[in-house]
Amino acid sequence: MSSEPATTDLPEPIEVPEPIAELVRSASTVGVLTGAGMSAESGVPTFRDAQTGLWARYDPMTLATPEAFAEQPDLVWAWYAWRLRLMQEVAPNAGHLALARWGRRVPVGIATQNVDDLHERAGSIDVAHLHGTLFDLRCFDCGRPYHGTVEIPTEQVERLEPPHCQVCFGPVRPGIVWFGEMLPAEAFERAQALAVGVDLLLVVGTSGLVQPAAGIPLLAKTSGVPTIELNPDETPFSDHADQVWRTTAAVGLPAMAALLDDDDRD
Ligand SMILES: NC(=O)c1ccc[n+]([C@@H]2O[C@H](COP(=O)([O-])OP(=O)(O)OC[C@H]3O[C@@H](n4cnc5c(N)ncnc54)[C@H](O)[C@@H]3O)[C@@H](O)[C@H]2O)c1
Ligand SMILES: [Zn+2]
């Protein structure tokens, strides 16, 4: 047995596969498409794992729609209030922090499907939210932004009256894109511009099942932009990616970003 003292709890940095390292080192602009897997190691559940406790018997597909909110605003708002509560308890993981650090070396544009704010909290500046964010509240009736107070219960409740619009008294909804709704045009255009305009596109933690975001990596591919998928599991995009790394966001991204630190020491 080794008698060496344990000096750190940090895991050993892992080695980046050489073809991926080459792409990382040579990219002077980087685009990143992220999905729920990006935030999984922060403790934000992916959609497939999202329903626990009280919410286990509800399908997100039936809660995350304008029709559901119109019919049962108290039920849908209670679900979002719980998700807002979850957000208060989580922090950016090593993958979010690595992208922010990378962005201080070269321009890194992020298009995320996540409705959390963990990229911003990590320090990334250029972030387009394809599916909106939980935090941009607005009136369901008149669309005006809502900046009033929000009560967030400390325990799961099944019914909670949403706040009311300060102008028309309509119910307040989260600023996310529900099933059946259009994506915010500006964010989608930004994602498309990244896909065709960068030296390297990373596709991190997205199942590639939700359209139209799923088309972004293919757009890069047809534009001749090299793509790298980071995902522990196979996805529909895997066969099309130039490189695939079966790793997690919080493991792979720090190792990739560290390659740029090494370059500085040369
Ligand atoms: N954090 C959030 O904001 C959040 C959470 C849940 C769901 N959503 C929404 O759910 C929808 C689902 O689409 P999606 O593709 O984003 O998610 P998804 O749940 O369909 O797929 C998640 C993907 O992440 C991969 N993954 C799991 N853990 C990972 C890790 N540690 N590192 C890297 N990859 C990992 C999985 O293999 C899977 O392919 C989106 O519309 C998104 O807005 C958002
Ligand atoms: Zn209103």
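The rules behind the values
Residues numbered from 1 in each chain as written. Chains lettered and ligands numbered in written order. Predicted model: local features only at pLDDT ≥ 70, side-chain atom pairs only at ≥ 80, totals over all residues. Heavy atoms only, no water. UniProt positions renumbered as here; feature names shortened; annotations may be inferred. Helix = DSSP H or I, 4+ residues; strand = E, 2+ residues; numbered from the N terminus. Contact = heavy atoms within 4.5 Å. Polar contact = N/O pair within 3.5 Å; in protein donor to acceptor, adjacent residues only side chain to side chain. Donors = N, O, S within 2.8 Å, 3.2 Å for Na, K, Ca; no water. Tetrahedral: all angles 85-135°; square planar, octahedral: opposite > 155°, others 65-115°. Phe/Tyr/Trp six-rings, centres within 6.5 Å; stacked < 30°, edge-to-face > 60°. Lys NZ or Arg CZ within 6 Å of the ring centre and 35° of its normal. Domains from an automatic or database assignment. Buried area = accessible area lost by both parts, 1.4 Å probe. Salt bridge = Lys/Arg side-chain N within 4 Å of Asp/Glu carboxyl O. Near = heavy atom within 4 Å. Areas by Shrake-Rupley, 256 points an atom, 1.4 Å probe, with all protein chains shown as cover.

Per an unreviewed UniProt entry, the protein carries the name NAD-dependent protein deacylase and comes from Naumannella halotolerans. Regarding the protein, the relevant UniProt record gives this comment under Subcellular location (unreviewed entry): "Cytoplasm". Under the UniProt heading Sequence similarities (unreviewed entry), the entry covering the protein gives this text: "Belongs to the sirtuin family. Class III subfamily."

**Q** It is not clear to me how the environment of S42 should be interpreted in this structure. Could you clarify?
**A** The topology assignment puts S42 in the loop between α2 (36-40) and α3 (60-63). On a C-alpha basis, the gap between S42 and E89 in space is 9.4 Å, while along the polypeptide they are 47 residues apart. Apart from residues no more than four positions distant in its own chain, S42 is found in contact with V90, A91, P92, N93, H96 and L118. At 2.7 Å, the side chain of S42 forms a polar contact with the backbone oxygen of A91.

**Q** Teacher, can you tell me more about the coordination of the zinc ion (ligand 2) here?
**A** By definition of the ideal shapes, four donors in a tetrahedron about a metal sit 109.5 degrees apart, and six donors in an octahedron sit 90 or 180 degrees apart. Around the zinc ion (ligand 2), the donor atoms from the protein are C139 (SG), C142 (SG), C165 (SG) and C168 (SG), and they sit 2.3 to 2.4 Å away. For the zinc ion (ligand 2), the four donor atoms are set out with angles of 97 to 119 degrees between them, so the coordination reads as tetrahedral. Between consecutive donor residues of the zinc ion (ligand 2), the sequence gaps follow C-x2-C-x22-C-x2-C.

**Q** When you look at the packing of aromatic side chains in this model, what are you seeing that I'm missing?
**A** Where two aromatic rings form a pair, the distance of their centres and the angle of their planes describe that pair. Counting across every chain of the model gives four aromatic pairs. The rings of F69, W79, Y80, F140 and W178 are connected pair by pair, giving a single aromatic cluster. In this arrangement the basic side chain of R83 is found over the ring face of W79, its NZ or CZ atom lying 4.9 Å from the centre. R173 extends its terminal NZ or CZ atom over the ring of W178, reaching a point 3.9 Å from the ring centre.

**Q** What exactly am I supposed to notice about the domain arrangement of the protein here?
**A** One frequent convention defines the size of an interface as the accessible area lost when the parts assemble. Annotation of the protein at the domain level lists domain 1 (15-44 + 92-133 + 183-266) and domain 2 (45-89 + 137-173). Placing a centre on the C-alpha atoms of domain 1 and another on those of domain 2 gives a separation of 29 Å. Carbon and sulfur atoms supply 63% of the area buried between domain 1 and domain 2, which totals about 580 Å² over both sides. Scanning the region where domain 1 abuts domain 2 turns up zero salt bridges.

**Q** How should I be thinking about the site of ligand 1 in this particular structure?
**A** Ligand 1 sits among 25 residues. The nearest are Q113, V115, H131, S207 and N231. Contact between ligand 1 and A249: a nitrogen atom at 3.0 Å from a main-chain N or O atom of the residue. Taken by itself ligand 1 offers 850 Å² of open surface, and the protein chains cover 90% of this. Broken down by element, the residue count for the shell around ligand 1 peaks at four residues, all from α2.

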